[in-house]
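Observations on the model geometry
The lines below spell out each chain.
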Amino acid sequence: MTEAILLVGGKGTRLRPLTVHTPKPMVRAAGVPFLTHQLARARAAGVDHIVLATSYLAEVFEPYFGDGASLGLHIEYVTEEEPLGTGGAIRNVASRLHSGPDDPVLIFNGDILTGLDIRALVDTHQRTHADVSLHLTKVTDPRAYGLVPTDETGRVTAFLEKPQTPEEIVTDQINAGAYVFRRSVIDAIPTGRPVSVERETFPDLLSAGAHLQGMVDSTYWLDLGTPAAFVRGSADLVLGRAPSPAVPGRCGDRLILPTARVAPDAKLAGGTVVGEGAFVAEGARVFGSTILPGAVIEPGAVITDSLIGTRARVGERSVLTGTVIGDGAIVGPDNELTSGARVWCNAQIPPASLRFSPDQ
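Here the structure is a predicted model, which is why all the values come from computation and not from measurement.

**Some words on the UniProt feature "domain: Nucleotidyl transferase" (unreviewed entry) in the chain**
Taking the numbering used here, the UniProt-annotated feature "domain: Nucleotidyl transferase" (unreviewed entry) corresponds to residues 4–236. Annotated as residues 4–236, this span is 26% helix and 23% strand, and its ends, taken at the C-alpha atoms, are 25 Å apart.

**Some remarks on the environment of Pro350**
Considering the arrangement of structural elements, one finds Pro350 in the segment after strand E28 (348–349). By relative accessible area, Pro350 is classed as partly exposed at 48%. Placed 17 residues apart in sequence, Pro350 and Pro333 show a C-alpha to C-alpha distance of 7.6 Å. Aside from chain neighbours lying at most four places away, what touches Pro350 is Gly332 and Asn335.

**Focus: the sheet that holds strand E9 (residues 173–182)**
A sheet is described by the order of its strands in space; here 7 strands give the open sequence E5-E4-E1-E6-E9-E8-E10, paired in mixed fashion. At either margin of the open sheet sits one strand with a lone partner, and together these are strand E5 (74–79) and strand E10 (212–216). Taken over all neighbouring pairs, the strand axes of this sheet differ in orientation by 25° on average, direction set aside. Across the sheet, helix H4 (residues 118–128) lies against strand E6 (104–109), strand E8 (132–138), E9 and E10, angled at about 65° from E9, the strand it touches most.

**Regarding helix H6 (residues 197–207)**
Of the residues making up H6, those classed as buried are Val197, Thr201, Phe202 and Leu205. Down the axis of H6, the smallest arc covering the buried residues is 85°, so these residues share one side. Among the exposed residues of H6, those pointing more than 90 degrees away from its buried face are Arg199 and Ser207. The secondary structure elements touched by the buried residues of H6 are helix H3 (85–92), E8, E9, helix H5 (183–187) and E10. Once H6 ends, the next one or two residues include Gly209, with phi positive near 85°.

**A short note on the sheet that holds strand E20 (residues 302–304)**
Spatial ordering of the open sheet is given by E14-E17-E20-E23-E26, a layout of 5 strands whose pairing is parallel. With partners counted over all chains shown, the strands left at the sheet margins are strand E14 (267–269) and strand E26 (336–337), one partner each. Direction of pairing for E14 relative to strand E17 (residues 285–287): parallel, over a ladder of 3 bridges. Paired with Ala269 across the strands is Phe287, a residue of E17.

**Concerning the side chain of Arg41**
Within the secondary structure layout, Arg41 lies in helix H1 (residues 34–44). Buried charge Arg41 goes without a salt bridge, the closest partner of opposite sign being Asp117 at 6.9 Å. Excluding residues that lie within four positions of it along the chain, Arg41 makes contacts with Thr114, Gly115, Leu116, Ile118, Pro243, Ser244 and Pro245.

**What to know about unusual backbone geometry**
Residue Pro17 is bonded to the preceding Arg16 through a cis peptide linkage, with omega at 15°. Summarising the element assignment, Pro17 is placed in the loop between strand E1 (3–7) and strand E2 (28–29). Within the chain, Ala352 stands out as a residue other than glycine whose phi angle is a positive 50°. A relative accessible area of 54% means that Ala352 is categorised as exposed.

Conventions we followed
Each chain carries its own residue numbering, running from 1 in the direction its sequence is written. Reporting in this predicted model follows two pLDDT cut-offs: at least 70 for local features of residues, and 80 or more for side-chain atom pairs to be given and counted; totals over whole chains, interfaces and linings ignore these cut-offs and use all residues. With hydrogens and water stripped out, all remaining heavy atoms of the structure feed into the side-chain values. UniProt positions are given in the numbering used here, feature names are shortened, and annotations may be inferred rather than shown by experiment. A run of DSSP states H or I qualifies as a helix once it reaches four residues; a run of E qualifies as a strand once it reaches two. Both are numbered from the N-terminal end. The classification of residues rests on relative accessible area computed with a 1.4 Å probe and restricted to protein chains. Under 20% of the type maximum is buried, over 50% is exposed, and intermediate values are partly exposed. The contact rule is simple, with two residues in contact once any of their heavy atoms fall within 4.5 Å. When DSSP locates at least two bridges between a pair of strands, those strands are taken to pair. Between N-to-C directions, angles span 0 to 180 degrees; the directions come from axes that are lines fitted to C-alpha atoms, helices contributing only their stretch in contact. What the arc describes is the spread of directions from the helix axis to the C-beta atoms. Neither His nor the chain ends is counted toward charge; the positive residues are Lys and Arg and the negative residues Asp and Glu. We define a salt bridge as a side-chain nitrogen of Lys or Arg found within 4 Å of a carboxyl oxygen belonging to Asp or Glu.

Have a look at this one:
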């Protein structure tokens, strides 16, 4: 197993304003761009050549990762001129692969944080002689996902779109967003138009009698598509709940990056990250949150399960819960934001302007 494709072209609209200036895979989780964790885990599993399928803000990836040598990888970049969907993006980079027709190619979605045993997925693929192998995970409520039932040997029997009624929930197994493709299957995907592997490629392969194998791995799995999930994923990486060799420090209650400053009496816990050049002032309390580089948390502010954007500022005594503050935004003193509030990049909230509870 030497090659992989990482699908990193999405616009990340559900994550805005985090993705206004930054593509989703480059938003920092546990101190580094999220993509770094995926690259490092692929390398640890024996992958040495990775092709990034880029689209939205494609120009930011190569200046950061270069040729991948610092991670022990050879990285190439292919940019979609027009959105091609998951299958189209995979086919669009096929010319950069070195694998032979029967060789396995690993494919990751760029927004999934997982503890998947990558080697085990590849081993399953080769042992069963599958055309495509899928990482499946079990979820308590599968209604928001496509269901993937399998037989007693793990062979996929159907692909079912998001169920609408209890009768349609025939399994708790869902597509977890990591695959191993036989190289010849990639080459057979149509070119020059959008293709969805979930809605077109996989069902068509199944109808044609191809062997699609599922491997259930119910270790850590999280779709980072929403701000709340992204904040949680970053905290879980810091706490050691989600595995990654790329966390820039020891796992623990907090991660303070070089050049960040934290007042001695400020309290940080719950997997909080304080990025380079950021400042957390005296009396501030930050739990389970991400403070991106250059941000300022003023005295007495209380921040829980939130993300504070690059160079943003949170004023004295302001209370933020489940909130995203965009890059460069300013929340004045004595505000209270909660319940998924999002403050757009460079916006300014005057002092004592917003509350979600009665004035004390």
